[in-house]
Amino acid sequence: MTLSFPPRSVFARLFAATATAVLVALVVVVLGLPRLTESYLLSAREKELFARGEEVRAIVSAYLRGQMSEETTQALLETFGAVENSEIWVVDREGYIRLHSATGPGSRGGMGRLRGARLQGEDAECVLGGALWASRGPRWPYSDPVVSVAVPVASNDDSEVLGAVFLNSSLAEVEAMLTQLRRHLALAGGAGLLAAVALAAVMSRNISRPVRRMIDMAGALAEGDFARRAPAGPDEIGRLGESLNAMARRLETSLTETQKLQALRRDLVANVSHDLRSPVTAIRGYVEPLLDGTVTDEETRRRYLETIRSETDALSALVSDLLELSRLESGAAVLDVGPVDLGQLLREAAVRYEVRAREAGVTLETEIAGRLPPVRGDEGRLARVVNNLLDNALKFTPAGGRVVLAAAAAGGAGAGPEPRSERESRSEREQRSEREPRSEREPRPEREQRSEREQRSEREPRSEREPRSERESRSEVEISVSDTGPGIGPEDLPYVWERFYKADKSRRRDGDARGGVPEGSGLGLAIVKQTVEAHGGRVAVESEPGRGARFSVSLPVFEEFSSGLHSPDTTGG
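Residues numbered from 1 in each chain as written. Predicted model: local features only at pLDDT ≥ 70, side-chain atom pairs only at ≥ 80, totals over all residues. Heavy atoms only, no water.

### Concerning unusual backbone geometry
Only a minority of non-glycine residues have a phi that is not negative, and only a minority of peptide bonds are not trans. The omega torsion across Trp-140 and Pro-141 is 10°, close enough to zero to call that bond cis. Within the element layout of this structure, Pro-141 appears in the loop between strand S3 (133–137) and strand S4 (146–154). (Helix = DSSP H or I, 4+ residues; strand = E, 2+ residues; numbered from the N terminus.)

### Considering the environment of Val-385
With respect to the helices, strands and loops of the structure, Val-385 is situated in helix H9 (residues 379–396). For Val-385, a relative accessible area of 5% corresponds to the buried category. When the C-alpha atoms of Val-385 and Leu-525 are compared, they prove to be 8.3 Å apart, with 140 residues separating the residues in sequence. Each residue touching Val-385, except ones within four places of it in the same chain, is listed here: Val-528, Thr-531, Val-532 and Val-553. (Buried < 20%, exposed > 50% of the residue type's maximum accessible area, 1.4 Å probe, protein only. Contact = heavy atoms within 4.5 Å.)

### Things to note about the packing of aromatic side chains
The relative placement of two aromatic rings is captured by the distance of their centres and the angle of their planes. Counted by the stated rule, this structure contains five aromatic pairs. Their ring planes at 65° and their centres at 6.2 Å tell us that Trp-89 and Trp-140 sit as a pair that is edge-to-face. Here Trp-89, found in strand S1 (residues 87–92), pairs with Trp-140, found in the loop between S3 and S4; they are 51 residues apart in sequence, far enough to count as distant. A residue is classified by how much of its surface remains accessible, and Trp-140, at 41% relative accessible area, is partly exposed. The interplanar angle of 40° and the centroid separation of 6.1 Å between the aromatic rings of Trp-89 and Phe-166 together place this pair among those described as tilted. In this pair, Trp-89 is assigned in strand S1 and Phe-166 in strand S5 (residues 161–170), connecting sequence segments 77 residues apart. Phe-166 matches Trp-89 in its accessibility class, with the two residues each being buried. (Phe/Tyr/Trp six-rings, centres within 6.5 Å; stacked < 30°, edge-to-face > 60°.)

### Observations regarding the pattern of salt bridges
If you walk through the whole model with that rule in mind, you get 15 salt bridges. Ionic pairing is found between Glu-476 and Arg-538, a salt bridge with its closest N-O pair at 2.4 Å. One end of the pair, Glu-476, is in strand S10 (residues 476–483); the other, Arg-538, is in strand S11 (residues 538–543), and 62 residues separate them in sequence. What makes Arg-538 partly exposed here is its relative accessible area of 43%. (Salt bridge = Lys/Arg side-chain N within 4 Å of Asp/Glu carboxyl O.)

And the structure:
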């Protein structure tokens, strides 16, 4: 590994900073600790010598006053000197050395040379001034450095200085101790430096590795690879990794959604183009013979015109479905909301589709459990929801099959039992249908104008017009349409609510090929889903291949339905 200066990589910077810090710390310890130790030892030695000088001062005072003989004083000095491993001098007030112990740090010339010698300089000033004195280092007459202290000896009334006691101790032991300490510190410092360098390398690598992975991840993100992940953890680097991972997931999701939208856009264009091309092609195929005069028979001309009108109606219905689905998905659809009697709406839908079911050889039944509570919504749009579900069921139910339109209250909703059963056979419904005026069997328009709905809305309690807070606990009405058709495979179930989704044509009933039921544009169930969700409801489908299908719609009841639906637009459209 090549290190530039200043270091550029995170690893090199961390390693250099850690190693430098450890090296500086070791240098400070190796150089400073011996000095601190030496200062401590010398201070301790001085205190010991001063303490011993205080003890010797009484003996020297008696000697200098003539109260103790020279022999006795000499013997005591030898004893104290041996205990302290020091040489003791007795100096009179003139600065002359009167006595000294035989033991000491190795004097030059022996006792005879020192006795009678006169101290000069600081020594004499100390003696004459009566102050404590201490020194460290080279000192006459010793060859090695010594630590020396002086304790003045005064008269009994402290009126005059009689002399002083000097104690001199060699520094050889201290120097030996310090030399050994320096050696041990050097060895320990070297070993510590090697260990610190190794540890710094490991720590720097462990810290810089996640950073390098994040750098690689950032590069991968820039290249469009969103599957790369950075290491995460509780520390700052780990939290940075978590943030990068979250960003990568969001980018990946966004890219996936973008790809899905692009795919849906392509499919939409392809499907719309196909569904528009078919009726346009058919219209052109019938118009051209009429224009060039090829068809002259009046009956044939009329049949051609009827076909053109049928294809034009299909084209108009497709465009209307596309516009309706676009408004629902964008939230621009305006719902003319109010209380809707689902029981009446379902009975009317059953009457409308009875003829188509009979022509297809399919039994259409209704099963309404009791009196249904009203739901709040757009009656015309909810009627279209039911129509689309019935269209879808009849499209896939073969002759001899059965379609059941059912409804029931759920979640505690309900308004009591219905005065009469809502389950009717086909023959009963046919009889009643024959007795009813034709106008009552036609799809009813909006029975109430917007002004009437607004007046009724004003009479409602305010709580019914406020948004709900607990959607999960609401009461609902479930509408379901079941058929005995071929069913839907598990691979198709997730897509039945998507726009332009069409089941396999081999699963359609034979009437499709003969024109009994139009194939459809594949927008009916998508419109159902968007309409129901705009009303605050939900849709579901259950099916098994060969056992039919059941499509269900759940709508919240009137009392708990949110007022947050799109309000009617009084300005138009």
